[in-house]
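Each chain, letter by letter, is given below.
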Amino acid sequence: MALLPTNPQWRGLVLLAIIIVVLGVLPWTVNNYWLRIATGALMWAGLACSWNMLGGYAGYINFGQSAFFGLGAYVTAFLMGDPFGLPFSATIPAGMVVTALFAVIIGAPTLRLRGAYFAIATWAFAEVLIQFASAMDFTGGIGGIGLPPYLNERFFYFAMFGTAALAYFLTWALFERSRFGLKVKALRDHEPAAEAMGINTALVKLQTFVLSAVTASVFGAIFAYWVTFINPKSVFGGDITDQMVVMVLLGGLGTLWGPAIGGVGLFVVNRLIWMYWGDTAFYIAILGTAIVLVVLFLPNGIAGLFARRKNDALDKVMDKLVGTGAGGHP
Amino acid sequence: MNGGMQSAADPILSVRGLFKHFGGIKAANGVELAVGRHEIAGLIGPNGCGKSTLFSLVSGMVMPDKGEIRFDGRAVAGMSAHRIARLGLARTFQIPALFDNMTVTDNLLAAAAEGHWQGAYERAAETLSLLKLDHVADNRASDLSGGQQKLLEFGRAVMRQASLILLDEVTAGVHPNIRKIILEAIARLREQGVSFLVIEHDMEMVRNVCDRIIVMDSGRVVTSGSFEDIVRNSEVMQTYLGRPQ
Ligand SMILES: Nc1ncnc2c1ncn2[C@@H]1O[C@H](COP(=O)(O)OP(=O)(O)O)[C@@H](O)[C@H]1O
Ligand SMILES: [Mg+2]
């Protein structure tokens with residue numbers, strides 16, 4: 001590490017600059033096959049980040065984050081198709097608005113209850129959307145819906161890169177460096193005490209949930225345009241949420257960089273397995289094993305190995321989910 | 001004591017006919033009390049008589065079955081806890097309810113995040129040195145010693161810049177040095193016009209700090225008066241001291 005400055009802050013900045021430069025020139029150094037893998041890795045790093053906003057910083061487990069990814073995807077597919085034919089960029093804000101509305105409808109009543117209710121409500125919402133999208137004509141039913149093809153891999157790479165960068169910047173600015181983040185972490189650690197400090201915990205949770213959901217919807221929109229064809233399972237599927245959860249747990253719950261480490265790491269492993277063994281169920285086994293190992297031996301995730309301070313976010317999440325403990329609801 | 005006169009005229013807090021039953025337990029069974037402006041009122045009574053529950057009712061963490069609570073001229077019974085807190089009421093928890101995963105400094109900043117954010121960093125630094133917690137400023141709250149956790153619990157209430165602070169056994173079981181720090185801080189805040197309602201078991205501290213003492217038993221206020229009045233009233237002493245703690 002002799003090449004890096006010793007001051008941790010400067011070292012972090014230099015590392016960040018190196019990562020940005022490497023990611024910036026990557027599209028001109030690898031072939032399309034690897035570029036697609038990199039694009040996917042950035043998307044997953046961003047999705048994991050979106051899940052971590054609520055799950056890691058506020059301590060509320062969302063088992064239906066795929067619902068918002070899928071909403072973004074479907075709104076874009078729907079509005080780019082006949083009869084609207086809107087340009088891609090115009091569909092993104094529409095998807096964000098639709099997603100925000102649904103997040104408020106789901107979150108406002110359930111985020112007041114113990115975390116388990118919220119977890120079940122979000123999971124059920126994603127299931128409902130799968131059924132709904134499968135049954136409706138305007139969504140193309142089970143067959144799905146196509147988008148106008150745009151075969152520019154670099155565009156999608158940079159769209160995912162930019163969105164992920166924005167998601168991480170927002171997480172840093174809002175959760176690590178602002179008053180808002182103090183409120184969110186306070187309610188994660190002790191909700192009654194946060195209320196006693198004047199924090200409107202129900203509102204702060206809802207704001208965090210909307211931010212998290214809207215972020216996922218943007219990735220869904222880009223994904224739909226990228227793959228040019230979506231169906232209910234490919235964008236609402238529960239396995240999409242499962243992966244986000246495992247990525248965050250593996251990387252480090254409630255940390256800034258954990259989701260990036262877990263997201264890129266797991267996705268690349270996924271692709272390598274796919275390359276060597278084909279489309280096997282082996283990945284599911286790895287995913288399951290990873291969950292068990294993390295919970296047992298690495299409760300702070302990989303990021304926890306490098307952290308200066310311990311982090312018991314997982315404890316708080318469990319407390320909210322099933323406990324009647326101090327971290328729970330009054 | 002002139003606290004009684006003041007509290008009769010324009011109390012910062014007044015509670016009338018307050019009831020809260022948990023199943024068969026009458027934790028508040030017609031509580032009546034008032035705390036005057038700039039007063040430090042002590043709240044004593046046997047374990048389980050409903051002191052902490054009274055704090056939870058007043059701060060909006062527990063909804064009353066019946067009764068009136070006025071804080072700084074407003075009816076607050078039934079209001080949410082964060083709204084009452086924003087009106088200028090701060091409380092501590094008997095069992096420290098810290099933000100475990102956050103640093104000591106961030107615990108203090110979080111307490112100021114809603115409300116008086118102007119100058120919060122400076123005030124957090126002042127509070128850290130006032131409570132002699134500077135050396136652990138960057139530690140996680142859950143890594144503090146028991147006494148330090150009590151100090152931080154108190155420090156968060158200080159950060160609220162409240163007009164009334166409810167302290168729930170904030171010096172119980174802490175080292176005399178830490179107790180001294182807390183007592184000095186209370187005295188200083190009172191000079192700035194803050195009122196206090198203090199649940200306390202240590203009679204020596206009650207005597208030294210409180211202008212007036214309110215005695216509770218079985219969910220009601222039995223009597224109130226100066227330390228000397230209370231001590232002279234042997235029946236009260238029996239109520240308070242005659243039971244196992
Ligand atoms: N949330 C609750 N649910 C049920 N019973 C409670 C609850 N809170 C307090 N109590 C009961 O109410 C009574 C008064 O408790 P508390 O106010 O903590 O007393 P004190 O602080 O004076 O020791 C006790 O019998 C206690 O067990
Ligand atoms: Mg008590």
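In what follows, the accompanying structure is described.

### Notes on the side chain of B:Arg91
Residues and elements named next belong to chain B. With respect to the secondary-structure elements, Arg91 resides in strand E6 (residues 89-91). Buried and unpaired, Arg91 has Asp168 as its nearest opposite-charge partner, separated by 4.6 Å. In this structure the side chain of Arg91 is engaged in a polar contact, spanning 3.3 Å, whose partner is the side chain of Ser56. Of note is the side chain of Arg91, whose polar atom sits 3.3 Å from the side chain of Ser59.

### Quick word on the coordination of the magnesium ion (ligand 2)
Around the magnesium ion (ligand 2), the protein contributes the donor atoms B:Ser52 (OG) and B:Gln94 (OE1), at 2.1 Å from the metal centre. Taken together, the residues span a long stretch of sequence, with B:Ser52 in helix H2 (residues 51-58) and B:Gln94 in the loop between E6 and helix H4 (104-112) at a distance of 42 residues.

### Here's the deal with the pairing of strand E1 (residues 13-22) of chain B
Residues and elements named next belong to chain B. Alignment of E1 against strand E2 (residues 25-35), held across 8 bridges, turns out to be antiparallel. Within E2, the position partnered with Leu13 by the bridge is Val35. Two successive antiparallel strands, E1 and E2, enclose a turn made up of 2 residues, where Gly23 displays a positive phi of approximately 60°.

### Describing the interface of chain B and chain A
Facing 28 residues of chain B, the contacting portion of chain A comprises 24 residues. Buried area between chain B and chain A, both sides added, is near 2,300 Å², and the carbon and sulfur share of it is 60%. Three residues, B:Phe99, B:Asn101 and B:Arg140, lead the burial of chain B against chain A; their summed loss comes to 26% of the area buried on that side. Applying the counting rule to chain B against chain A returns 3 salt bridges. A salt bridge links A:Lys183 to B:Glu114, with the shortest nitrogen-to-oxygen separation between them at 2.9 Å. Applying the counting rule to chain B against chain A returns 10 residue pairs in polar contact (both at pLDDT 80 or more). In the side of chain B that touches chain A, the residues fall into 14 nonpolar, 5 polar and 9 charged.

### Details of the packing of helix H6 (residues 153-176) of chain A against helix H9 (residues 201-227) of chain A
All names here are of chain A. The geometry of H6 relative to H9 is characterised by a closest axis approach of 10 Å and an angle of 175° between their N-to-C directions. Here H9 runs roughly antiparallel to H6, going by the angle between their axes. Residues Glu153, Phe155, Phe156, Ala159, Met160, Thr163, Ala164, Ala167, Leu170, Leu174 and Phe175 of H6 pack against Thr208, Leu211, Thr215, Val218, Phe219, Ile222, Phe223, Tyr225 and Trp226 of H9. A class-by-class count of the residues in the contact of H6 with H9 yields 16 nonpolar, 3 polar and 1 charged.

### Considering the site of ligand 1
All names here are of chain B. Close to ligand 1 lie Phe22, Ile25, Ala27, Pro46, Asn47, Gly48, Cys49, Gly50, Lys51, Ser52 and Thr53. In this structure, Thr53 approaches ligand 1 through a side-chain N or O atom, which is 2.6 Å from an oxygen atom. Protein contacts shield 61% of the accessible area of ligand 1, which totals 560 Å² for the unbound molecule. No other element matches the 3 residues that H2 contributes to the shell around ligand 1.

### Structural notes on the packing of aromatic side chains
With the rule as written, the count across this model stands at 29 aromatic pairs over all chains. When the ring of A:Tyr150 is compared with that of A:Tyr225, the centres are 5.6 Å apart and the planes differ by 10°; the resulting orientation is stacked. In this pair, A:Tyr150 is assigned in the loop between strand E1 (145-146) and H6 and A:Tyr225 in helix H9, connecting sequence segments 75 residues apart. Here A:Tyr150 falls in the partly exposed class, since its relative accessible area comes to 32%. Ring centres of A:Phe156 and A:Tyr225 lie 5.3 Å apart, and the angle between their planes is 80°; on these two criteria the pair is classed as edge-to-face. With A:Phe156 in helix H6 and A:Tyr225 in helix H9, this residue pair connects regions lying 69 residues apart in the sequence. Taken together, the ring pairs connect A:Tyr60, A:Phe68, A:Phe102, A:Phe118, A:Phe125 and A:Phe209 into an aromatic cluster. Directly above the ring of A:Trp274 sits A:Arg271, whose terminal nitrogen or CZ lies 5.1 Å from the centroid. The ring of B:Phe19 has B:Lys66 sitting right over it, with the charged end atom 4.7 Å from the ring centre.

### Quick look at the side chain of B:Thr171
Structurally, B:Thr171 can be placed in the loop between strand E7 (164-168) and helix H7 (176-191). If sequence neighbours within four positions are ignored, B:Thr171 has contacts with B:Arg179, B:Ile182, B:Glu200 and B:Met205.

### Looking at the sheet that holds E2(B)
Pairing between the strands of a sheet comes from backbone hydrogen bonds, and it takes one of two forms, parallel or antiparallel. All names here are of chain B. With antiparallel pairing, 4 strands are arranged side by side in an open sheet as E2-E1-E4-E5. Edge positions in the sheet fall to E2 and strand E5 (74-75), since each has one partner strand and no second. Bridge count for E1 against strand E4 (residues 66-71) is 5 bridges, and the pairing is antiparallel. Considered in E4, the bridge of Arg16 is made with Glu68. Along the sheet, H2 contacts E1, E2 and E4; its crossing angle with E1, the most-contacted strand, is approximately 115°.

### Observations concerning H6(A)
Structurally, the α-helix is built with 3.6 residues per turn, so residues lying three or four positions apart point the same way. Residue and element names in this part refer to chain A. With 24 residues, H6 ought to run about 34 Å at 1.5 Å a step, and its terminal C-alpha atoms sit 33 Å apart, in line with that. Along H6, the residues classified as buried are Glu153, Phe156, Tyr157, Ala159, Met160, Phe161, Thr163, Ala164, Ala167, Tyr168, Thr171 and Phe175. On its buried side, H6 packs onto helix H1 (8-25), helix H2 (32-58), helix H7 (179-189), H9 and helix H12 (258-277).

### Thoughts on unusual backbone geometry
The omega angle of the peptide bond from A:Asp82 to A:Pro83 is 0°, so this bond is cis rather than trans. One non-glycine residue, A:Thr228, adopts positive backbone phi at about 60°. As for its position among the elements, A:Thr228 is in the loop between H9 and strand E2 (229-230). The phi angle at B:His38 is positive, at roughly 65°, despite the residue not being glycine. If you trace the backbone, B:His38 turns up in the loop between E2 and strand E3 (40-44). Taking relative accessible area as the criterion, B:His38 reaches 43% and is therefore assigned partly exposed.

### Quick notes on the pattern of salt bridges
Any two side chains of opposite charge can pair, on the condition that their charged atoms come close. A complete count under the given rule lists 20 salt bridges over all chains for this structure. Its salt-bridge partner being A:Arg188, residue A:Asp189 comes within 3.0 Å of it at the nearest N-O pair. Comparing A:Asp189 with A:Arg188, the two get one shared label, buried. The residue B:Asp10 makes a salt bridge to B:Arg37 at a minimum N-O spacing of 2.9 Å. On the criterion of sequence distance, the pair formed by B:Asp10 in the loop between helix H1 (3-9) and E1 and B:Arg37 in the loop between E2 and E3 is long-range, its members being 27 residues apart.

### Some points on a nonpolar patch on the surface
Taken together, the side chains of A:Tyr33, A:Trp34, A:Leu272, A:Trp274, A:Met275, A:Tyr276, A:Trp277 and A:Phe282 define a hydrophobic patch exposed on the protein surface, amounting to about 870 Å² of accessible area. Structurally, the position occupied by A:Leu272 is in helix H12.

Thresholds applied
Residues numbered from 1 in each chain as written. Chains lettered and ligands numbered in written order. Predicted model: local features only at pLDDT ≥ 70, side-chain atom pairs only at ≥ 80, totals over all residues. Heavy atoms only, no water. Helix = DSSP H or I, 4+ residues; strand = E, 2+ residues; numbered from the N terminus. Buried < 20%, exposed > 50% of the residue type's maximum accessible area, 1.4 Å probe, protein only. Lys, Arg positive; Asp, Glu negative; His and termini not counted. Salt bridge = Lys/Arg side-chain N within 4 Å of Asp/Glu carboxyl O. Polar contact = N/O pair within 3.5 Å; in protein donor to acceptor, adjacent residues only side chain to side chain. Donors = N, O, S within 2.8 Å, 3.2 Å for Na, K, Ca; no water. Pairing = 2+ DSSP bridges. Contact = heavy atoms within 4.5 Å. Buried area = accessible area lost by both parts, 1.4 Å probe. Nonpolar A, V, L, I, M, F, W, Y, C, P; charged D, E, K, R; others polar. Axes fitted to C-alpha atoms, helices over the stretch in contact; angles between N-to-C directions. Parallel < 35°, antiparallel > 145°, perpendicular 65-115°, else oblique. Near = heavy atom within 4 Å. Areas by Shrake-Rupley, 256 points an atom, 1.4 Å probe, with all protein chains shown as cover. Phe/Tyr/Trp six-rings, centres within 6.5 Å; stacked < 30°, edge-to-face > 60°. Lys NZ or Arg CZ within 6 Å of the ring centre and 35° of its normal. Expected span 1.5 Å × (residues − 1). Patch = residues over 30% accessible without salt bridge, like charges linked within 9 Å, V, L, I, M, F, W, Y side chains within 5 Å.

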